[in-house]
Amino acid sequence: MNLTLHVWRQTGAAAAGRFERYDARDVSEHMSFLEMLDVVNGRLIEEGKDPIAFEHDCREGICGSCGMVINGRPHGPVPRVTACQLHMRSFTDGDQIWIEPWRARGFPVLKDLVVDRSAFDRVIEAGGYVSIRTGAAPDANAVPIPKRDAERAMDAAACIGCGACVAACPNGSAMLFTAAKVAHLGALPQGQPERYSRVRYMLAQHDDEGFGSCTNHGNCEAACPKGISIDCIAQLNRDAIRAALGKGTEYAGAAGGGA
Amino acid sequence: MRRVAAFYQSTVGKKVAMAITGFILVGFVIGHMLGNLKAFQGAEKFNHYAEGLRELGAPFFGHGQVLWLVRIALIVSVGAHVLAAAQLTLRSWRARPAKYHAAPHLELSYASRTMRWGGVIIAGYVAYHLMHFTLGNAHPDFLPGDAYHNLVVGFQSPWVVAVYLVAVAMLTFHLYHGIWSALQTLGASHPAVNRWRRGAAAALALVVLTGFAAVPVGVFAGIIR
Amino acid sequence: MELRAKVPSGPIQEKWDKHRFEMKLVNPANKRKYEIIVVGTGLAGASAAATLGELGYRVKVFTYHDSSRRAHSIAAQGGINAAKNYQNDGDSVFRLFYDTVKGGDFRAREANVYRLAQISLDIIDQCVAQGVPFAREYGGLLANRSFGGAQVSRTFYARGQTGQQLLLGAYQALARQVAEGTVTLYPRTEMLDVIVVEGQARGIVVRNLVTGAISAHMAHAVALGTGGYSNAFFLSTNAKACNATAIWRAYRRGAGLANPCFTQIHPTCIPQAGDYQSKLTLMSESLRNDGRIWVPARAGDARRPNDIPEGERDYYLERIYPSFGNLTPRDVASRRAKELVDKGQGVGPERNGVYLDFRDAIQRLGQQTIAERYGNLFDMYLQITGENPYEVPMRIYPAPHYTMGGLWVDYNLMSTLPGLFVIGEANFSDHGANRLGASALMQGLADGYFILPYTIGDYLAQTKFAAVPEDHVAGRSAVAEAEARTTRLLGINGTRTVDAFHRQLGRLLWEYCGMERTADGLNQALREIPRLRDAFWADVRVPGAGQDLNQELEKAGRVADFLEFAEVMCLDALRRDESCGGHFRKEHQTPDGEARRDDEQFAHAAVWEYTGDGTPPKRHVEPLTFEYVHLAQRSYK
């Protein structure tokens, strides 16, 4: 099939971007979306032009590197897959495809479709962990964990940190990402001692990064390639309210820091 | 208290403030709607109800005192609700400075998309409504103390009825997303609860729609005269 | 080059404890005076950096990803082994040790493997305490499964995303140290060289992938956790960016490279669909528990699979290996598939696969049960191929997956270059010539959490260090070399893309140094690789500038190194004139086509020393002795 691509090109963070038109010819329906871009890039290089920069790595939907908005949808038209798992059989001959980077203040564009998602790392650094020293752990079966809780934790822990939730959110909010970690650790006994301090620190960092507020639209859940539920956000809210009402220990001047 | 104050500074804190004030306003809306329906019982009952509002809390409180307390609570709620909404909206606009070339509304329902402008429309409508039926300066023939008369005369114009119906429709959407959203914001999420959260919000919104639309339509159709 | 394994004396069960006691300790107050560089944030790198930070060292961590959470450890599906014996089915440290040495076809160092099996217990404890949501039984205890033909259930798992969950655990531990200020993270920063000062590894040269700036970072010791080199084959199950640059550059600076020919081919991957294919996708090996593998009995049979009657199908693994059947080990299953495809019995549009058929399992157990067991894999297959595996058999084919070879390390995980430690898949590891399923995660975390933090302290405590400022002359000259190389790559301005060369190299290696190797083929490869390398340096086109985010330039540097690396890989395969594990030399097989080891001549690790461009590398050997597991021929009949 032949397709017309309109790809966002931007030389750097400070530069103004624009859409450029490219023809993708003889695209096989078995190609992945990124392989289609590989072919387009190969031709651009041969023509002496600058190839389209886009992030990708594992190409099997787990590393969370890839991410682009395809015809207005993060990761494209097929639910529950990342762009690398999207295949061209989801498109038809003659389609016009608009490809853009994640757009959010918390994710500044570095080049073309590549954005800076380091804000996510800083949100985790603010408290998205269990403070356990290497070697200090009790036997793994010492604390039984009900299967239901383990499954609930796993549902939330499946987040790949791709940023599609932020890209889909009309408010540029990273609440689903933040909440997934809060819900993951909050569902397990190991996460309890820091449960309420964690939510306060992570929330404060989320806000400091310039992400918007959640208005419960549910776009994030629809865009999430791993199907993380906005129930996680409700749990974050609940824990945040409890923390505000005095739950959880106070560290002396540890705001934003670790234990 | 320091923690609560700090919490209010966060995006979630402001949302919680909106949820709490939202629920207060929902309570008011339901009470108001039930009162309105007394119009179907005729002039005497309706006027008695309207006057009775001023006697709330008697004999502990004097004439109009409780009503003013309620009014103050409502004004504070509206103020807090609007302030938090405005702050969050500005923040969200900053957080998403650029738009996509083409953005289908993934999960965005009409109701959730219209929360902000719907809220502004409702606020405008409330101002008009107060001038119409409370202060009377937007009313063609306002008689202080005769609420029934004011009501029947006020809804003779098809334009006025249309404005009210549009406003009630906006309110319905606002409540449909707002009630569900407030439950989510307050963390009322549990498999057992989640099943009926949307349904309950929809049911309540429909009740409000029917209840509020009934009176202007009733007057216009000549059932209330 | 001297290969001193430094294995402690004494009974194997006591070596590690004894060694830990004998190690020199660094005074707690002195720890923050030491700087340690860790390259890579996969399981090994992230866990090492987090633990070293906890101990109080000043740690700098480098990753070419935008976040330390994206390393390819994240893609491991199946699970992680540990000799917990929670199932009471007779597992023990000794049995895990035994299985690993035997599974590795007797080409690993016994003492290291025993330590790995011991530490496996601590790893599970550590990960659970971090909040890794392993699968549980209804009673709340940890669930286990049997994996890769093991006769005990010792594999811990988190759905099909075990690697992801373990990596997130390590990533979170690392994040905690970043917040504490003990670890400084350098994302989007790629290592280009090792800096050696007075015979010690004292720093690295890196390129900032956003600005393009090349600079030096100095430290007291360097640890590489930079993964394997399967991407030498271009098409592999590895992530696109996985590369050999770090270990190759270390090799060129004096670290010995061990057993580069030991590569693992995974039997169950989705076959290549076309020339544009950028990588191969692994389908979990667990599918072989219920799927039956077959090809049409007649070569060139173009009928649809469901139209081929039972009598005209060859369930070849069940036929050749009646007792193990479809569960024969990875290397054996892979070779049989290749043979049949080469004979023209392959299936699919490209005739490059074999069927993995669930028809009988669905009839026996019902679609519901199959969906519960493999639903996510079936969905993934459908997504990639457009074919519904509930209705038509899956098509699978082997693909490069893991590399057992890597930089040689002693018992302390230090390479032949003092101060350069190597952890995880990047070292020549504990897997010998073949890695068992669910053992890679175990090794990465053992190295990072529990071994390196001790051994690096011992090294620091007993070593005298010269003062090395950030602008030391050795660093400046290494930076200048890296800059010159970048400039050269950008200046060729030829006609072919980097990928075109990489594909060509991959085809060559797959043909001559893949599942089946011959002396003739390897000699052919050794003639062709230098020609391809010359063509690359003459005709590659790398667009753009050095001072920019330039993905083609990144790829070009990596492929240039693969083009050198591949030669040593083939040389190693040629000189190892035996078959063992994943290294199958056609000349050395039993009458029924099994790998035949030559323990007289090759019970050793082969270690290659760089002697300069244009001169052949020098081969050294570390003899391997087997005191606890007796040398025996593997048999799966």
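Residues numbered from 1 in each chain as written. Chains lettered and ligands numbered in written order. Predicted model: local features only at pLDDT ≥ 70, side-chain atom pairs only at ≥ 80, totals over all residues.

**Student:** What exactly am I supposed to notice about the packing of helix α6 (residues 115-134) of chain B against helix α8 (residues 158-185) of chain B here?
**Tutor:** When two helices pack together, their arrangement is captured by the angle between the axes and the distance separating the axes. Residues and elements named next belong to chain B. One way to put it is that α6 packs onto α8 with a least axis distance of 9 Å and a crossing angle of 135 degrees. The orientation of α6 relative to α8 falls into the category oblique. The way α6 lies across α8 gives a crossing that is left-handed. Across the interface between the two elements, Met115, Gly118, Gly119, Ile121, Ile122 and Tyr125 from α6 touch Ala167, Met170, Leu171, Phe173, His174 and His177 from α8. For the contact of α6 with α8, the per-class residue count stands at eight nonpolar, four polar and no charged. (Axes fitted to C-alpha atoms, helices over the stretch in contact; angles between N-to-C directions. Helix = DSSP H or I, 4+ residues; strand = E, 2+ residues; numbered from the N terminus. Parallel < 35°, antiparallel > 145°, perpendicular 65-115°, else oblique. Left-handed = near helix turned anticlockwise from the far one by under 90°. Contact = placed C-beta atoms within 7 Å. Nonpolar A, V, L, I, M, F, W, Y, C, P; charged D, E, K, R; others polar.)

**Student:** Is there a simple way to explain the nonpolar core in this structure?
**Tutor:** The tendency in soluble globular proteins is for nonpolar side chains to be buried as a group. Residues Cys165 and Leu176 of chain A together with Ile36, Ala223, Leu407, Leu420 and Cys570 of chain C are the most contacted members of the largest nonpolar core, which totals 334 residues. Setting aside its immediate chain neighbours within four residues, Cys165 of chain A contacts Ala174, Leu176, Phe177, Cys220, Ala223 and Cys224 of chain A. (Core = buried A, V, L, I, M, F, W, Y, C linked by C-beta atoms within 7 Å. Buried ≥ 20, exposed ≤ 12 C-beta atoms within 10 Å, placed from the backbone.)

**Student:** Quick question: what am I supposed to make of the interface of chain A and chain B here?
**Tutor:** Often, the extent of an interface is quoted as the loss of accessible area on bringing the components together. Contacts between the two partners involve 42 residues from chain A, matched on the other side by 35 residues from chain B. Counting residues per element, the ones that place at least two in the side of chain A that touches chain B are β5 (96-100), α6 (195-208), α7 (219-223) and α8 (231-244) of chain A. Ranked by residues supplied to the side of chain A that touches chain B, first place goes to α8 of chain A with nine residues. Considered class by class, the residues forming the side of chain A that touches chain B number 17 nonpolar, 17 polar and eight charged.

**Student:** Sorry, what's going on with helix α1 (residues 15-22) of chain C here?
**Tutor:** Each α-helix winds once per 3.6 residues, and so residues spaced three or four apart point in a common direction. Residue and element names in this part refer to chain C. Taken residue by residue, α1 has Lys15, Trp16 and His19 as its buried positions. Along the axis of α1, the buried residues cluster in a sector spanning 90 degrees; they form a single face. Where α1 is buried, its residues contact α5 (110-130). (Arc of directions from axis to C-beta.)

**Student:** Help me out: how do you make sense of helix α3 (residues 43-55) of chain C in this one?
**Tutor:** All names here are of chain C. In this model, α3 (13 residues) spans 18 Å end to end at C-alpha, consistent with the 18 Å of a helix rising 1.5 Å per residue. The buried fraction of α3 is high, at 13 of 13 residues. Gly56 occupies a position one or two residues after α3 and carries a positive phi of about 110 degrees. (Expected span 1.5 Å × (residues − 1).)

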